[in-house]
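The chain contents come next:
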Amino acid sequence: MTSTTLISSVLSSSIFPTEYRSWVRVPATSIPGGSNVRVVKQRRLKIIAKSLDLPLLPFSMSEVLVPTESKTLHLYEARYLALLEESMKRKNNMFVHFILDPISISEKATEASFAARYGCLVLIENVERLDIGALVSIRGAGRVKISRFLGADPYLSGEVRPIQDRFNYESSNEITSEISNLKESIKNLNSLEIKLKAPEDSLLQTRLLNSLKWAEDEPPEECEESFFPSLQERLSFAALQPVSGSTQSELSRLQQEKLKAMDIKDTMERLKLSMGLIKENISSIAAKLAIQSLDIR
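Residues numbered from 1 in each chain as written. Predicted model: local features only at pLDDT ≥ 70, side-chain atom pairs only at ≥ 80, totals over all residues. Heavy atoms only, no water.

For the protein chain, an unreviewed UniProt entry supplies the name Lon N-terminal domain-containing protein and the organism Brassica campestris.

(A) Focus on helix α7 (residues 267-293). Taking 1.5 Å of rise per residue, 27 residues should cover 39 Å, and α7 covers 38 Å from first to last C-alpha, within 8% of that figure. You can read the cap of α7 off the contacts: a side-chain oxygen lies 3.2 Å from the backbone nitrogen of Met268, and it is on Asp266. Looking at the residues trailing α7, positive phi occurs at Asp295, about 60°. (Helix = DSSP H or I, 4+ residues; strand = E, 2+ residues; numbered from the N terminus. Expected span 1.5 Å × (residues − 1). Polar contact = N/O pair within 3.5 Å; in protein donor to acceptor, adjacent residues only side chain to side chain.)

(B) Seen up close, the pairing of strand β7 (residues 157-162). Sheet topology places strand β2 (residues 52-59) next to β7; 4 bridges connect them, and they run antiparallel. Bridge pairing in β7 places Asp53 opposite Glu159. Counted between consecutive antiparallel strands, the loop separating strand β6 (residues 134-151) from β7 contains 5 residues. (Pairing = 2+ DSSP bridges.)

(C) Spatial organisation of unusual backbone geometry. Between Asp153 and the following residue, Pro154, the backbone shows a cis peptide bond with an omega angle of 5°. Structurally, the position occupied by Pro154 is in the loop between β6 and β7. Not every positive phi belongs to a glycine, and Thr68 is a case in point at roughly 80°. Within the secondary structure, Thr68 sits in the loop between β2 and β3 (70-75).

(D) The arrangement of the packing of helix α6 (residues 248-263) against α7 in detail. At their nearest, the axes of α6 and α7 sit 10 Å apart, and the two run at 165° to each other. In terms of orientation, α6 and α7 fall into the roughly antiparallel class. As for how α6 packs across α7, the hand of that crossing is left-handed. From α6, Glu250, Arg253, Leu254, Glu257, Lys260 and Ala261 reach across to α7, where they touch Arg270, Leu273, Leu277, Glu280, Ser284 and Lys288. Of the residues assigned to the contact of α6 with α7, the class counts are 4 nonpolar, 1 polar and 7 charged. (Axes fitted to C-alpha atoms, helices over the stretch in contact; angles between N-to-C directions. Parallel < 35°, antiparallel > 145°, perpendicular 65-115°, else oblique. Left-handed = near helix turned anticlockwise from the far one by under 90°. Contact = heavy atoms within 4.5 Å. Nonpolar A, V, L, I, M, F, W, Y, C, P; charged D, E, K, R; others polar.)

Structural data, given as C-alpha cells:
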C-alpha cells in the first residue's frame with residue numbers, strides 16, 4: 001500500500017475525523033516566555049541515525065512549520081494526548097509535524113486523497129496541562145521525509161529520514177557574509193517591531209529574534225545529529241517568522257515563502273530568499289511607525 005493510499009484510507013476511517021483539524025487548535029497568541037529562553041550548551045550525539053520511527057501530526061497547507069519556528073498547539077482528543085505521551089516518554093520529546101496536501105488521482109475518484117509533504121521534526125519545549133487537554137509548545141528542528149507509514153491507531157506513526165542542504169564549499173565565504181548581514185537585519189527588524197508594539201509590557205524579543213537565538217544554540221542532547229541541520233542551514237530559516245502588525249495578505253505571502261524555503265536544497269539560495277523577506281518587512285514596519293508617529297487612524 002502506498003503512503004498516499006494509506007493516508008486516504010486513514011482519513012476516511014472511523015479513527016480519523018472528517019475535518020482533521022478539529023482535533024487541534026493553534027492559538028493566535030505568541031509562545032509564552034519568549035524572552036526567557038534558556039541557553040544550554042551540550043555535546044552532540046556521536047551516534048548517527050539513518051531513520052527514526054516517530055509519531056506524526058498532520059496539518060493543512062496553510063500551517064507549514066519550518067526549522068527554528070515555534071508554535072503552541074492545543075491537543076485535547078485522547079488519541080493525540082496519547083501521541084504526546086509517547087513522544088515525551090519514549091521518543092525523546094520528538095514527533096513530526098507534516099502537511100497533508102490534497103491531490104487529485106482521477107476525475108472518477110470518490111474519496112479525497114492526500115500526499116505527505118513538508119515534514120518537520122519538532123522538539124517539545126513545554127507542556128501545560130489543562131482541564132481539557134494540554135497546551136504544547138513545540139520547536140521545528142529540521143526537515144524530514146516520511147519514508148513509510150507504520151500505523152494509524154491511535155495516531156499516525158511512520159519512519160522518517162533527514163533532509164539537509166547540499167553544502168557547497170566554494171560558496172562558504174559568501175554564505176558567511178550573507179549570514180552576517182541577515183543576522184544584523186533581523187536584529188534591526190526586532191528593534192523596529194518593539195517600537196511598533198508600543199505598550200510598556202511588550203516583550204523585548206520578537207519571534208524573529210527568538211528563532212535566531214535558538215538557531216545559534218548548540219543542538220539539544222536528545223536530537224539525533226543527522227537530523228539536526230548545520231548552523232548555516234538553521235540560520236537561513238530563522239527569518240521566516242511573522243512580524244508585528246502583519247496583514248492577512250502579508251501572512252499569506254509568508255506561508256508561500258516558507259513553502260519555497262522547505263523545498264530549497266541550497267543554503268545560499270534560501271539565505272537570499274530570507275534576506276529579501278526581511279528587507280520588505282523592515283520597509284513595512286518603518287512605514288507603519290511613520291504613520292504611528294503622526295497618530296493617523
